[in-house]
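Close look at the chain arrangement
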Amino acid sequence: MAVYTHLGAEDLAELIAAYDVGELVSAKGIAEGVSNSNWLIETTRARYILTMYELRIDTAHLPFFLGLLDHLSAKGCPVPRTIHDCDGAAFRMIEDKAVALIEFLPGVSVDHPTPGQAKAVGSALAQLHHAVADFPMQGIQTMGLAEWDRLIHQCGSERLDTISPGLSDLAYEELSYLAMHWPGGLPHGVVHCDLFPDNVLMLGDRVSGLIDFYFSADDFFAYDLAVTHAAWCFSPGGHQFRPEISSALLAGYASGRALSDEERDQMPVLLRGACMRFLSSRAYDWVFTPTDALVVRKDPMDFARRLDFYRANGKELFA
Ligand SMILES: Nc1ncnc2c1ncn2[C@@H]1O[C@H](COP(=O)(O)OP(=O)(O)OP(=O)(O)O)[C@@H](O)[C@H]1O
Ligand SMILES: N[C@@H](CCO)C(=O)O
């Protein structure tokens, strides 16, 4: 349940009164999500999402994340805009925690996407990559290769092999490969970097919302496509590749933005990097999150399986 902080009726009413959004009608805690506390707020005028930033997000970075939502939404991307308070502030503090009110977008996250939905996601991602061209803020990538390496080393061989025998060899070997082959100089901008199905709201075959931009940073557009590919194109657990979803996702992306020859050539290594990104953060959480913590640990092996697939077939996919 992702409501870590209790907000009483008076706190909520006082908060909502600071915005020009009508009067508070109801507030319900949202169970999904693990990083922040979220409430669905209904006022006499509309619905909103209230987010309280709990664990991971430094308040100093909020102007970047919230500014990005506003920029993308103004460009016509299906991204919720930030509601500013009556003084124009994008976030407020309740005691020592920052809160932001965000536009509510309709739609649901899909568990088993269809090709039509994958195509729409590819196309929405391409739209995003065009829309960031004139976003004026910088977002440093803190979840890049150096961090994957650090997370894996913190876990150490013994603990990795307790997750699954042989995982440490796979991870160390892959990190050396990536260190030698990671490309430079590809087209880049501020990209989402975490566009999993649970961060996309859909109405049928239409993308109605792209949410959770809290891993956004400056990186290669093609890396963002690789992350999205790894997140969408497999059966649960990463056991089976879904070729029809892959073709649809890539076709959707190509309908909005063509990959250059150089980007295509680098896709196999970027796909392997995308797997290491989630393998390393999940392995770290697996090892260091207490089993009785509120946060649900995600299985790193889901991405070890995807990594095996891309090692064997990545080049063929982009031949
Ligand atoms: N703008 C929005 N419109 C509608 N629903 C939203 C919106 N933002 C968030 N939600 C709902 O709230 C849930 C949690 O949001 P989100 O994924 O951003 O939380 P989080 O704690 O940051 O997540 P994560 O687990 O990815 O770290 C989403 O699954 C979605 O159901
Ligand atoms: N989407 C990531 C979690 C970070 O938001 C994962 O599935 O491991």
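Cut-offs and rules
- Residues numbered from 1 in each chain as written.
- Chains lettered and ligands numbered in written order.
- Predicted model: local features only at pLDDT ≥ 70, side-chain atom pairs only at ≥ 80, totals over all residues.
- Heavy atoms only, no water.
- Buried < 20%, exposed > 50% of the residue type's maximum accessible area, 1.4 Å probe, protein only.
- Helix = DSSP H or I, 4+ residues; strand = E, 2+ residues; numbered from the N terminus.
- Near = heavy atom within 4 Å.
- Polar contact = N/O pair within 3.5 Å; in protein donor to acceptor, adjacent residues only side chain to side chain.
- Areas by Shrake-Rupley, 256 points an atom, 1.4 Å probe, with all protein chains shown as cover.
- Nonpolar A, V, L, I, M, F, W, Y, C, P; charged D, E, K, R; others polar.
- Axes fitted to C-alpha atoms, helices over the stretch in contact; angles between N-to-C directions.
- Parallel < 35°, antiparallel > 145°, perpendicular 65-115°, else oblique.
- Left-handed = near helix turned anticlockwise from the far one by under 90°.
- Contact = heavy atoms within 4.5 Å.
- 1 Å grid on protein atoms, 1.4 Å probe; cavity = no way out; pocket = protein on both sides within 12 Å on 5 of 7 lines; lining within 4 Å.
- Points joined across faces, edges and corners; volume = space filled by probe spheres on them.

**Considering unusual backbone geometry**
Here the phi dihedral of Glu 95 falls at roughly 50 degrees; this positive angle occurs in a residue that is not glycine. The exposure class assigned to Glu 95 is exposed, which follows from its relative accessible area of 76%. One non-glycine residue, Cys 193, adopts positive backbone phi at about 70 degrees. Looking at where Cys 193 falls in the secondary structure, it is placed in the loop between strand 7 (188-191) and strand 8 (200-203).

**Things to note about the site of ligand 2**
In the vicinity of ligand 2, the contacting residues are Asp 194, Phe 196, Phe 215, Phe 278, Arg 282 and Lys 298. At 2.7 Å, a side-chain N or O of Arg 282 approaches an oxygen atom of ligand 2. Computed on the free molecule, ligand 2 has an accessible area of 260 Å², of which 85% lies beneath the protein chains in the complex. Partitioning the shell around ligand 2 into residue classes produces three nonpolar, no polar and three charged.

**Concerning the packing of helix 6 (residues 221-232) against helix 7 (residues 243-256)**
It is the contact of helix 6 with helix 7, at a shortest axis distance of 10 Å, that shows an interaxial angle of 150 degrees. Compared by their axis directions, helix 6 and helix 7 come out roughly antiparallel. For the element pair helix 6 and helix 7, the recorded crossing hand is right-handed. Along its contact with helix 6, which presents Phe 221, Leu 225, Thr 228, His 229 and Trp 232, the element helix 7 presents Ile 245, Ser 246, Leu 249, Leu 250 and Tyr 253. Counted by class, the contact of helix 6 with helix 7 contains seven nonpolar, three polar and no charged residues.

**Description of the side chain of His 71**
Structurally, His 71 is set in helix 2 (residues 62-74). Discounting chain neighbours no more than four positions away, the residues touching His 71 are Ala 131, Val 132, Asp 134 and Phe 135.

**What to know about the layout of surface pockets**
Approximately 240 Å³ is the volume found for the second largest pocket. Every residue lining the second largest pocket is counted, 13 residues in all, and those nearest its centre are Leu 7, Asp 11, Met 93, Ile 94 and Glu 95. When residues of the lining of the second largest pocket are traced back to their parent elements, those giving at least two are helix 1 (9-17) and strand 5 (92-94). Broken down by class, the residue content of the lining of the second largest pocket amounts to five nonpolar, two polar and six charged.

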